[in-house]
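Observations on chain architecture
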Amino acid sequence: MDNNTSENKKTVLSLVQASGTPTLGNYLGAFKNWKEMARDNDCIFGVADLHAITVRSKPADLRRRSVEMYAMLLALGLDPEKNIVFMQSHVQEHALLGWVLNCYTQFGEASRMTQFKDKSARHADNVNVGLFTYPILMAADILLYQADMVPVGDDQKQHLEITRDIAARFNSIYGDVFKLPEPYIGKHGAKILSLQEPEKKMSKSDPNVKAFISLTDSTDTVVKKIKSAVTDSEARVYYAEGKAGINNLMTIYSCCTGKDFAEIEREFDGKGYGDFKAAVAEAVAEELRPLREEYEHILTDKQYIEKCAAEGAEKASAIARRTMRKVMKKVGFYQL
Ligand code: TYM
């Protein structure tokens, strides 16, 4: 990271779970903003592999998915020389601060997290305590680095709120230990919906693969998935309540082309959904193609990935240790 940090540079931090190939939702809701913010700020981006074990997986799968997600972050163009790109489990302070913060979080406030309710319904056979304390580990991820801004999609907003509440509570007892982070949620793309059930979020863990576009999908697959996206029977392209499928495709098209909704409505005036879907598919495929190619290239160079991850871990650890030392002292742990 740049040591000559100028006054107006912000510390921007965000992580993505190592729980499968990321989707167009991850890209438009988070990654695209990360890439833009990385130009002018001190950025810390990471793979949340500790969070990923709240859902059971084979050791080899977790390892592969973590490396793949890390390669995807590099492929986004997050320069590991200028930014910190790291894996959460390489910095042990995350788990330590997570424990400390557990003791400053009320059971009732953690119980209100909607993502916990959703996930425990989906994984009814494994409602582990980690799933419940998940947002507190996320708070630790953020607070360790004194982040100013956290670019996320809409679904993480509540986790940012609890992070601020925990930090404010801790600060009210011990003084100014943590910076209160602001969420950064893009105007468009913060909630990309399923292509098959446009009332639901697009998610990489959806059992129906036609519901999401994965960032590694070929152009052919992208075209097929968008062609089969659920719409309505009106056959007129405009943004309105009750047109969730079309609204979603318009949002995706807008994010990929920079055109606003009025422009898109004019462009497809008098045309049917076939033309519209073909244009959306082309825009998405063009947006993702360079990323996919770069990703495939980086994945072939395991040594480069390892070197970047080691450097990322070292730089992240230096910051995390500094915050942790302060926390331990404030709480009253005996210092050696
Ligand atoms: P995760 O891995 O589910 O998603 C990573 C990022 O992608 C965004 N996102 C979406 N945005 C728009 N539309 C969608 N359909 C969509 N799906 C996902 C998410 O909002 C997120 O920004 N708990 C986090 C990971 C995490 C984290 C952190 C984030 C762990 N520690 C610290 C920020 C700061 C998660 O599960 O994101």
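A brief look at the structure comes next. (Residues numbered from 1 in each chain as written. Predicted model: local features only at pLDDT ≥ 70, side-chain atom pairs only at ≥ 80, totals over all residues. Heavy atoms only, no water.)

**Quick word on empty space enclosed by the protein**
- If you walk through the whole model with that rule in mind, you get two cavities of 30 Å³ or more.
- Reported here for the largest cavity is a volume of approximately 40 Å³.
- Residue lining of the largest cavity: Q115, F116, K119, L131, Y134, P135 and H159, and that is the complete set.
- For the lining of the largest cavity, the class distribution of residues is four nonpolar, two polar and one charged.
- Around the second largest cavity, the lining residues are G20, T21, P22, R65, E68, M69, M72 and Y295.
- Taken together, the residues of the lining of the second largest cavity sort by class into four nonpolar, two polar and two charged. (1 Å grid on protein atoms, 1.4 Å probe; cavity = no way out; pocket = protein on both sides within 12 Å on 5 of 7 lines; lining within 4 Å. Points joined across faces, edges and corners; volume = space filled by probe spheres on them. Nonpolar A, V, L, I, M, F, W, Y, C, P; charged D, E, K, R; others polar.)

**Overview of helix α1 (residues 24-37)**
- Helix length check: α1 (14 residues) gives 19 Å between terminal C-alpha atoms against 20 Å at 1.5 Å per residue, within 8%.
- Residue A30 marks the point of greatest curvature in α1, where the axis turns by about 40 degrees.
- In terms of residue burial, α1 counts as a mostly covered element, since 12 of its 14 residues are buried.
- Those residues of α1 not exposed but buried are L24, G25, N26, Y27, L28, G29, A30, F31, K32, N33, W34 and M37.
- Taking the backbone nitrogen of G25 as reference, a side-chain oxygen 3.0 Å away marks T23 as the first, capping residue of α1. (Helix = DSSP H or I, 4+ residues; strand = E, 2+ residues; numbered from the N terminus. Expected span 1.5 Å × (residues − 1). Bend = angle between axes of the 7 residues up to and from the residue. Buried < 20%, exposed > 50% of the residue type's maximum accessible area, 1.4 Å probe, protein only. Polar contact = N/O pair within 3.5 Å; in protein donor to acceptor, adjacent residues only side chain to side chain.)

**Observations regarding the side chain of D141**
- Examined against the element boundaries, D141 turns out to sit in helix α7 (residues 129-143).
- Apart from residues no more than four positions distant in its own chain, D141 is found in contact with L13, L15, H51, Q88 and H94. (Contact = heavy atoms within 4.5 Å.)

**Some details on the nonpolar core**
- By size, the foremost hydrophobic cluster in this structure holds 63 residues, and its most contacted members are F31, L73, I252, F276 and V284.
- Sorting elements by how many residues they give to this core places helix α12 (residues 273-299) first, with 12 residues.
- In this view, I252 contacts L24, L28, I192, L195, V280 and V284; residues no more than four positions away in its chain are not counted.
- F86, F132, L143 and M324 belong to the second largest nonpolar core, which has 41 residues in total. (Core = buried A, V, L, I, M, F, W, Y, C linked by side-chain atoms within 4.5 Å.)

**With respect to the environment of T221**
- Following the sequence through the fold, T221 ends up in helix α9 (residues 219-227).
- With relative accessibility at 27%, the residue T221 sits in the partly exposed group.
- Between the alpha carbons of T221 and K210 there is a distance of 9.2 Å; along the sequence they are 11 residues apart.

**Observations regarding the pattern of salt bridges**
- This structure, assessed with the given rule, holds 17 salt bridges.
- Between E287 and K32 there is a salt bridge; the shortest N-O distance is 3.7 Å. Here the residue E287 occupies a position in helix α12, and K32 occupies one in helix α1, the gap between them amounting to 255 residues.
- Here E311 and K307 are joined by a salt bridge, their closest N and O atoms 3.8 Å apart. Of the two residues, E311 and K307 are both situated in helix α13 (residues 302-331); the distance of four residues between them amounts to about one turn of the helix.
- According to the relative accessible area criterion, K307 is partly exposed, its value standing at 41%.
- A single salt-bridge network, built from bridges that share partners, covers D61, R64 and E68. (Salt bridge = Lys/Arg side-chain N within 4 Å of Asp/Glu carboxyl O.)

**Some thoughts on the site of the ligand**
- The environment of the ligand is made up of 27 residues, and the closest members are Y134, D141, G153, D155 and I192.
- Taking G153, its main chain carries an N or O atom lying 2.8 Å from an oxygen atom of the ligand.
- Within the side chain of D155, a nitrogen or oxygen atom sits 2.4 Å from an oxygen atom of the ligand.
- Listing elements by their share of the shell around the ligand, those giving two or more residues are β1 (11-17), α1 and α7.
- Per-element accounting of the shell around the ligand gives the leading share, five residues, to β1.
- Residues belonging to the shell around the ligand are distributed by class as follows: 13 nonpolar, nine polar and five charged. (Near = heavy atom within 4 Å.)

**A look at the environment of E286**
- You can see E286 is positioned in helix α12.
- The class for E286 is partly exposed, based on a relative accessible area of 42%.
- Taking C-alpha positions, E286 is 8.3 Å from T219, a pair spaced 67 residues apart along the chain.

**What about the pairing of strand β2 (residues 42-48)?**
- Extensive coverage of β2 is indicated by the burial of seven of its seven residues.
- Burial along β2 is two-sided: the residues D42, I44, G46 and A48 and C43, F45 and V47 are all buried.
- Read as a crossover between parallel neighbours, the route from β1 over α1 to β2 is right-handed.
- Taken together, the four bridges between β2 and strand β3 (residues 84-87) define a ladder with parallel strand orientation. Note on β3: the bridge partner recorded for I44 is I84. (Right-handed = clockwise from strand over helix to strand, strands pointing away. Pairing = 2+ DSSP bridges.)

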